[in-house]
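# Descriptive analysis of the structure
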Amino acid sequence: MPFVRIDTLRAGPERLAALGRAVHDALVETIGIPPDDRFQVLVDHDGASSTLRSDDYLGVHRDDGIAYIAITLRSGRTPARKQALYRRIAELAHTYAGTEPRNVFVVLTENGPADWSLGEGRAQYLGASRA
C-alpha cells in the first residue's frame, strides 16, 4: 500500500496524470503492488503562489521540468528492488510524460503495519501480510 505524492511545476493536468500513471505502473512492475492499490496526491504548482526549487546537487542538472515523487510504503524491499523501481519510474516518466530522467527526483519513506489506517479508524495491516 504505497502512498504517493507528486509535485510538479506548471506541468498541466495531462502530464501530471501521466506521471501518476508512470509511478503506479513502476510500483506494480518492480515491487509487486496490486494494480488496484493506488493512493496518490498529484499537485501542480503554478510558480506564483506556490513553486518548486532545486539545484544541481551531485552533478545532476535539474530544471523547471522537475517532478518530486515521494513514496511512503511498508518496509522490506531490498536496495536492488528500490534501484529497479527508481529506474523504471524514470523510464516510464519519460515515455508517458516526456519528463527527462534527470528531472525525476524520488524519495522513499518506509514504515510498518501499525502506521497505516485505510479508513474506518482501524490499522488494517496489523496481523496482515500485504504490500
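Throughout this description, residue numbers start from 1 for each chain and increase along the sequence as written. The model is predicted, so local features are restricted to residues of pLDDT at least 70 and side-chain atom pairs to those at 80 or more, both for listing and for counting; the totals for chains, interfaces and linings are taken over all residues. The side-chain numbers reported here are obtained from all heavy atoms of the structure, hydrogens and water having been left aside.

With that settled, the discussion passes to the pairing of strand β2 (residues 40–45). Any two strands are treated as partners once DSSP identifies two or more bridges connecting them. In this description a helix means any DSSP run of H or I spanning at least four residues, a strand means any run of E spanning at least two, and both kinds are numbered starting from the N terminus. Across six bridges, strand β1 (residues 3–9) lies against β2 in parallel orientation. Bridge pairing in β2 places T8 opposite D44. Look down the strands so they point away from you; if the path from the first strand over the helix to the second goes clockwise, the crossover is right-handed. As a crossover connection, the stretch from β1 through helix α1 (residues 12–31) into β2 is right-handed.

This part covers the packing of α1 against helix α2 (residues 79–97). To obtain each axis, a line is fitted to C-alpha atoms, and for helices this fit is confined to the stretch in contact; angles are then taken between N-to-C directions over 0 to 180 degrees. At a closest axis distance of 8 Å, the pairing of α1 and α2 adopts a crossing angle of 145°. Two packed elements cross with a definite hand, and for α1 against α2 that hand is right-handed. Residue-level contacts link R15, A18, L19, R21, A22, V23, D25, A26, L27, E29, T30 and I31 of α1 to R81, A84, L85, R88, I89, L92, A93, Y96 and A97 of α2. Note on convention: the crossing is left-handed when the near helix lies turned anticlockwise from the far helix by less than a right angle, right-handed when the turn is clockwise. Contacts are assigned to residue pairs that have any heavy atoms within 4.5 Å of one another.

With that settled, the discussion passes to the side chain of H24. One can find H24 in helix α1. Taking the relative accessible area as the measure of exposure, H24 reaches 3% and is therefore buried. With residues near it in sequence (within four places) discarded, H24 still touches P34, P35, D37, R38 and Q40. Exposure is judged per residue with a 1.4 Å probe applied to protein chains only, and the accessible area is read against the type maximum: over 50% gives exposed, under 20% gives buried, and values in between give partly exposed.

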